[in-house]
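Coordinates in review
Given next are the chains, with one letter for each unit.
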Amino acid sequence: MVVMAGTIAFCALAVDDSPPAQAFFVREQPLPPGPRITPFLQYQAEQAWSEDNDRIKAWDAIQNERELLKTQSELRQKLLQMIGGLPEVKTDLRARVTGRIQMDGFTIEKLIFQSLPGVYVTALVYVPDDHSRKHPAVLVPAGHAADGKFHYQALSQRLVGRGYVVISWDPLGQGERSQFWDAAAGKSHYNLICGEHAVMGNLAYLAGANLARWEIWDGIRAVDYLLTRPDVDGERISITGTSGGGTQAALIAALDQRIKVAVPSCYISALPMRISNRIFADPDSDPEQDLFGMISNGVDHPGLLLLMYPRPVLVAAAVLDFFPIEGTRKTVREVRRLYERFAHGDRIALAEGYHAHQFSSENQEAALDFLDHFNQMPVGHGLPPAKELAGKTLQCTETGQVMLDYNDAKSLMSVIQEYYDEHKAESTRSLAKGYYGDRYNGVKDWKVSEYAGVPAGREQITWESVGIWSSGGVSIDRYMLHHSELLEMPLLHIHKSAADKRTVLLWFSESGKATAADWPEIKKYIDEGYDIVSFDFRGLGENRMPYTAVSPDDPALGALDFDHAYVNSISGVLANHVYNSLLIGRPYFLQMIEDAEIAGRFAHEKLGAKAAAVTAPGDGYTLASAIAETLPGIKLLPKSDARVLKWSEIVEQKRETWPIQYLLPSGAYVH
């Protein structure tokens, strides 16, 4: 009776053969605007927790220190694989001090060195005036601040005041190391907080690496530089940083055993707890935090800490941070149990401050005391005031940007392209092999049945008929599919009303299923003898969260209209879904192919018709081509105005932006 009423209502709206807009909507009411836990977001979180449970079970089975060290070695190899390895050769640092500033009790040296040929690192070195002995050293990687190292003067001065040689440097894409600097405008094309990271990091994924590879290498080379200094005790090197600097501190310490004590701040949590809140509280794309397979490979933040075992580590945390504090506590508890099991419980600690995202004074004091203790330094007391200098005073380069100062400076986009060129001969991949790998869900064998008001099973598709529009001999049957326990798929079956079942054409646009604006093209395929099955992918179309993620670092991105803000690759809801998918080891691009297979499975079992062809307009044609390449028995219908986006061309052309849903790790090697 409900379906019949819907049919009558739609027929009354039809005055010609063109369906009304309502005929293409499956949901009776659109999702209300605002942040919400959508079925897709809940699905991603459940996947993450399931993989986290697998890691915990494996860790619970560790019986002795030998097994722990074996686990640690496996984690190190996984981490290296996720970042694309590290450079094999340490080239000449060519370190050069471009200026010195005498302060009260210490000197600030302005340093430029090369971590790789043409990759210039701008750094400040804080040196105690006491030259009678060697000093322990501390690396302070800068967090997400547009002015990079300048932002961390107070911390650096407090460390040098306690007797440490301190090196603090600009990460790629920040401070004096913008990779997209517009000299005429005097600014970057993107924001210097996370914006440049997103552009570089997205390209690095395609090349089979991660932006973290080069950030870590900068830190490793900073250690190399410290070891060249006669005033540094190479057996007492530590690292601390907050936010993005906390990320770098954890990653660098995990892979460089020369670092003896680590204090990451405002970073360590539990990634399953970040699946949702990253959209609402911290939407900026920051690929170095989202290593492909970081959760599914059993690494996550506990794995990073375990890679520091048995070295001392203090985790500094903010109770009101967007890195969930309960995740921090959970992670530290898990790793502490292993430290304690093997008599090293005194080497791991947690400092909490009741505040938002910052390296607070109370946490800094705890960090300095921890560093003093494990570096055999006299324990200091309190935090003396710092005399912060203007950025221009501390500038290492003449122009304020290494890319302007040095004719031989290489942009990281070029370095990523070179990385791809070095690996492309040995690393060809098959899209189908990636899709049908160990994370394939077995859709081809899923059962299809009518929806009974309860969630679908893990390997089940249930369908719910929600209305029919019919006019001029054409019908649009509207369905909601439920699958994978939590996910929903709005789907349309568009066909001639009186015709026998015919060949099914899967049709969609880059935004999802067909709309009233697509009717002329849809009608053309109907007249050519096809039934059309058109559907919304997870996270697109009617499955979109009706919410604009507003970046605190770049509010202009939130001022975009909803359609463009949603898919923005610098700070958008879809980008966060894409990165979540990377963490759990199943790229969003492959999940879209899975959605096409689910729609085809439904067509075969419920409609009695085989999905034999696929096509899409505009940017959707790339996905249509991938579906035809991957799913057996489906051919690609050519379109004269369509072009397949090739990942290799994106890398070779160093393209800065492209549809974020097409982010496929190592995609440049797919042929």
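Position numbers for residues count from 1 along each chain, tracking the sequence in the order it is written. For this predicted model, a pLDDT threshold of at least 70 governs which residues receive local features, and a threshold of 80 or more governs which side-chain atom pairs are given and counted, while totals over whole chains, interfaces and linings are taken from all residues. For the side-chain quantities, the full set of heavy atoms in the structure was used; hydrogens and water were omitted.

In this section: the overall build of the protein chain. Runs of H or I in DSSP of at least four residues are treated as helices and runs of E of at least two as strands, each being numbered from the N terminus. Within the protein chain one finds 20 helices and 19 strands. Here the globule rule reads 2.2 Å times residues to the power 0.38, and the radius of gyration is calculated from C-alpha atoms. Over its C-alpha atoms the protein chain spans a radius of gyration of 27 Å, differing by no more than 12% from the 26 Å that the globule rule assigns to 671 residues. Projecting the C-alpha coordinates of the protein chain onto the three principal axes gives extents of approximately 95 × 60 × 45 Å. Remark: exposure states derive from per-residue accessible area (1.4 Å probe, protein chains only) relative to the maximum for the residue type, with buried under 20%, exposed over 50%, and partly exposed in between. Taken over 671 residues, the protein chain has a buried fraction of 62%. Contacts are assigned to residue pairs with any non-hydrogen atoms lying within 4.5 Å of each other. Of the contacts made within the protein chain by residues no fewer than 6 positions apart, 71% connect residues no fewer than 24 positions apart. Total accessible area on the protein chain is roughly 25,200 Å²; 51% of this is exposed by carbon and sulfur atoms. Only the protein chains shown count as cover for residues, and the accessible areas themselves come from Shrake-Rupley with a 1.4 Å probe.

On to the packing of aromatic side chains, then. Centre distance within 6.5 Å is the pairing criterion for rings of Phe, Tyr and Trp, where only the six-membered ring of Trp is used; planes under 30 degrees apart are then read as stacked, over 60 as edge-to-face, and the remainder as tilted. If you walk through the whole model with that rule in mind, you get 26 aromatic pairs. Aromatic side chains Phe589 and Tyr662 sit 5.5 Å apart centroid to centroid with 85° between the ring planes, which places their arrangement in the edge-to-face category. Of the two residues, Phe589 sits in helix α18 (residues 588-607) while Tyr662 sits in the segment after α20 (647-652), which places them 73 residues apart along the sequence. The two residues Phe589 and Tyr662 agree in class, both being buried. Grouping aromatic residues by their ring pairs yields a cluster made of Tyr267, Phe322 and Phe323. A ring has a charge above it when a Lys NZ or an Arg CZ is no more than 6 Å from the ring centre and no more than 35 degrees off the ring normal. One cation-aromatic arrangement involves Arg274 over Phe323; the distance from NZ or CZ to the ring centre is 4.4 Å.

Our focus in this paragraph is the sheet that holds strand β10 (residues 313-318). Strand order in the open sheet formed by 9 strands is β1-β2-β3-β5-β4-β8-β9-β10-β11, and the pairing between neighbours is mixed. Of all the strands in the sheet, just β1 (96-102) and β11 (348-353) have a single pairing partner and so form its edges. Sheet twist, expressed as the average angle between the axes of neighbouring strands with direction ignored, equals 20°. Whether two strands pair comes down to DSSP finding at least two bridges between them. Here strand β8 (residues 232-242) runs beside strand β9 (residues 261-265); their pairing, made up of 5 bridges, is parallel. The residue bridging Thr240 from the neighbouring strand is Val263, located in β9. The strands touched by helix α6 (residues 211-226) within the sheet are β2 (106-116), β3 (119-128), β4 (135-141), β5 (165-169) and β8, with β2 carrying the most contacts at an inclination of about 125°. Angles run from 0 to 180 degrees between N-to-C directions of axes, and those axes are lines fitted to C-alpha atoms, restricted for helices to the stretch in contact.

A few words now on the side chain of Arg158. Within the secondary structure, Arg158 sits in helix α4 (residues 153-161). His is not counted here, nor are the chain ends, while Lys and Arg score as positive and Asp and Glu score as negative. Salt bridge, as used here, is a side-chain nitrogen of Lys or Arg placed within 4 Å of a carboxyl oxygen of Asp or Glu. For the buried residue Arg158, which engages in no salt bridge, the nearest side chain bearing the opposite charge is Glu388, 6.7 Å off. Among the polar contacts made by the side chain of Arg158, one reaches the side chain of Gln364 at a distance of 2.9 Å. When sequence neighbours within four positions are dropped, the list of residues in contact with Arg158 reads Gln364, Leu368, Leu383 and Pro384. Pairing of N or O atoms within 3.5 Å defines a polar contact, subject to two protein rules: one partner must be a possible hydrogen donor and the other a possible acceptor, and residues neighboring in sequence count only if both atoms are side-chain atoms.

With that out of the way, let us pick up the nonpolar core. Leu79, Ile167, Trp214, Leu506, Phe535, Phe589 and Ile593 are the most contacted members of the largest nonpolar core, which has 157 residues in total. The element that contributes the greatest number of residues to this core is α18, accounting for 11 residues. Residues in contact with Phe535, not counting those within four places in the same chain, are Met489, Pro490, Leu491, Leu506, Trp507, Phe508, Gly512, Lys513, Asp595, Ala596 and Ala599. Side-chain atoms within 4.5 Å link the members of a nonpolar core, which is a set of buried Ala, Val, Leu, Ile, Met, Phe, Trp, Tyr and Cys residues. Of all hydrophobic cores here, the second largest spans 37 residues; its members include Tyr120, Ala145, Tyr152 and Leu159.

On to the sheet that holds strand β13 (residues 460-471). Judged by pairing direction, the sheet is mixed, and its 8 strands sit side by side in the order β12-β13-β14-β15-β17-β16-β18-β19 without closing on themselves. The strands lining the two open edges of the sheet, one partner per strand, are β12 (447-450) and β19 (635-636). The sheet contact formed by strand β16 (residues 504-507) and strand β18 (residues 611-615) spans 4 bridges and is parallel. For Trp507, the partnering residue across the bridge sits in β18 and is Thr615. Contacts from α18 reach β12, β13, β14 (474-483), β15 (487-496), β16, β17 (531-535) and β18 within the one sheet, and its direction differs from that of β14 by about 115°.

With that settled, the discussion passes to the pairing of β4. Regular strands have side chains that alternate between both faces of the sheet. With 7 of 7 residues buried, β4 lies mostly within the body of the structure. Where β4 lies against β8, 4 bridges are found, and the strand directions are parallel. Across the sheet, the residue bridging to Leu139 is Ile239, located in β8. Where β4 lies against β5, 5 bridges are found, and the strand directions are parallel. Its bridge partner being in β5, Ala137 is matched across the sheet by Val165. For the handedness criterion, the strands are oriented away from the viewer, and a crossover whose path from the first strand over the helix to the second runs clockwise is classed as right-handed. Note that the unit made of β4, α4 and β5 has a crossover that is right-handed.

With that settled, consider helix α11 (residues 361-374). By this rule the span expected of a helix is its residue count minus one, scaled by 1.5 Å. Taking 1.5 Å per residue as the helical rise, α11 with its 14 residues ought to reach 20 Å, and the 20 Å between its terminal C-alpha atoms agrees with that figure. Regarding α11, the residues found buried are Asn363, Gln364, Ala367, Leu368, Phe370, Leu371, Asp372 and Phe374. On the buried face of α11, the contacting elements are α4, β8, β9, β10 and β11. One or two steps after α11, the chain reaches Gln376, where phi turns positive at roughly 55°.

With that settled, the discussion passes to the confidence of the model for the protein chain. What pLDDT expresses is the predictor's confidence in each residue, scored from 0 to 100. Per-residue pLDDT for the protein chain has a mean of 95; in total, 97% of the residues score no lower than 70. When the criterion is pLDDT under 50, residues 1-15 qualifies, and its contacts beyond four places in sequence or with other chains add up to 16 contacts.

Below, the discussion takes up the pattern of salt bridges. Side chains bearing opposite charge may pair, as long as their charged atoms lie close to each other. Going through the model one piece at a time under the given rule, you end up with 39 salt bridges. Salt-bridge contacts for Glu109 lead to Arg100; the nearest nitrogen and oxygen are separated by 3.7 Å. Its relative accessible area of 9% is what places Glu109 among the buried residues. For Arg100, a relative accessible area of 58% corresponds to the exposed category. A salt bridge links Glu542 to Lys513, with the nearest nitrogen and oxygen atoms 2.5 Å apart.

This next bit is on helix α17 (residues 573-583). In terms of residue burial, α17 counts as a mostly covered element, since 11 of its 11 residues are buried. Buried within α17 are the following residues: Val573, Leu574, Ala575, Asn576, His577, Val578, Tyr579, Asn580, Ser581, Leu582 and Leu583. Of the surrounding elements, those touching the buried residues of α17 are α2 (39-60), α5 (195-206), α8 (274-281), α16 (562-566) and α18. The positive-phi residue at the C-terminal boundary of α17 is Gly585, with phi of around 85°.

Now for the pairing of β13. Across 4 bridges, the pairing between β12 and β13 is parallel. Paired with Ser449 across the strands is Thr462, a residue of β13. Where β13 and β14 come together, 10 bridges link them in antiparallel fashion. Note on β14: the bridge partner recorded for Gly467 is Arg478.

Across the interface, α5 lies against α6 with an axial gap of 8 Å and an inter-helix angle of 110°. By the angle between their directions, the pair α5 and α6 is classed as roughly perpendicular. Residue-level inspection shows His197, Met200, Gly201 and Ala204 of α5 in contact with α6, the latter providing Leu211, Trp214 and Glu215. All amino acids are sorted into three groups, where Ala, Val, Leu, Ile, Met, Phe, Trp, Tyr, Cys and Pro are nonpolar, Asp, Glu, Lys and Arg are charged, and the leftover types, Gly among them, are polar. Classifying every residue of the contact of α5 with α6 gives 4 nonpolar, 2 polar and 1 charged. An angle counts as roughly parallel when it lies under 35 degrees, as roughly antiparallel when it exceeds 145, as roughly perpendicular when it falls between 65 and 115, and as oblique in every other case.

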